[in-house]
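Structure at a glance
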Amino acid sequence: MIQIVYISTARGDTRTERGNILMTSRRNNDRDGISGLLYDDGKRFLQVLEGEVGIVEAAFARIKTDPRHRAVVILSRREIEAREFGDWAMASLSPGVEANDVMVRVGRLVARASANVRATFESFAQVRAAA
Ligand SMILES: Cc1cc2nc3c(=O)[nH]c(=O)nc-3n(C[C@H](O)[C@H](O)[C@H](O)COP(=O)(O)O)c2cc1C
């Protein structure tokens, strides 16, 4: 299995599209055996996708070209033995106490990434914590 973590910038207000995105994601991911998390704060998305390699790659290829966001940057891409977010076809979070806990968890996922990538994630998480 693989796990991909990326961030992106929404083209509009994420809250307008959140419901539609989650509905499609849960339907497809449930069918495809993909689990993960989608965090959004109105301006940016952070998503974790995990599952079988080819299936996750195909989903990510679709997601990357989705006009509802741009500037997709992969923070981490690694092989995994076990799922981190196995309970959810796509959990949804927005800023708040619970989200801060999850950000700490996601921070661990990108801990082994390059300094550059970690810095990108950390600046994202800090801005979100302050929001
Ligand atoms: C931020 C973001 C996250 C998305 N996450 C997923 C996802 O986890 N799974 C998925 O199938 N589609 C996701 N999508 C939607 C895809 O880009 C695409 O619209 C969808 O997979 C097409 O599915 P359909 O052919 O069944 O309509 C996401 C889109 C955005 C903008």
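Data block above holds the structure.
What you see is a predicted model; the values in this text were computed from it and never measured. (Residues numbered from 1 in each chain as written. Predicted model: local features only at pLDDT ≥ 70, side-chain atom pairs only at ≥ 80, totals over all residues. Heavy atoms only, no water.)

1. Section: the pairing of strand β2 (residues 35–40)
Counting buried residues along β2, six of its six residues qualify, which places the element largely inside the surrounding structure. On β2, burial covers both faces: Ser35, Leu37 and Tyr39 on one face and Gly36, Leu38 and Asp40 on the other are all buried. Between β2 and the antiparallel strand that follows it, strand β3 (residues 44–51), lie three residues; Gly42 among them carries a positive phi value of about 105°. Across three bridges, the pairing between β2 and strand β5 (residues 91–93) is parallel. From the neighbouring strand, Leu38 faces β5, where its bridge partner is Ser92. (Buried < 20%, exposed > 50% of the residue type's maximum accessible area, 1.4 Å probe, protein only. Helix = DSSP H or I, 4+ residues; strand = E, 2+ residues; numbered from the N terminus. Pairing = 2+ DSSP bridges.)

2. A few points about the pattern of salt bridges
Counted by the stated rule, this structure contains seven salt bridges. Across the salt bridge formed by Arg78 and Glu84, the nearest N and O atoms sit 3.6 Å from each other. Owing to a relative accessible area of 32%, Glu84 belongs among the partly exposed residues under this scheme. Through salt bridges with shared partners, a single network forms among Glu17, Asp66 and Arg68. (Salt bridge = Lys/Arg side-chain N within 4 Å of Asp/Glu carboxyl O.)

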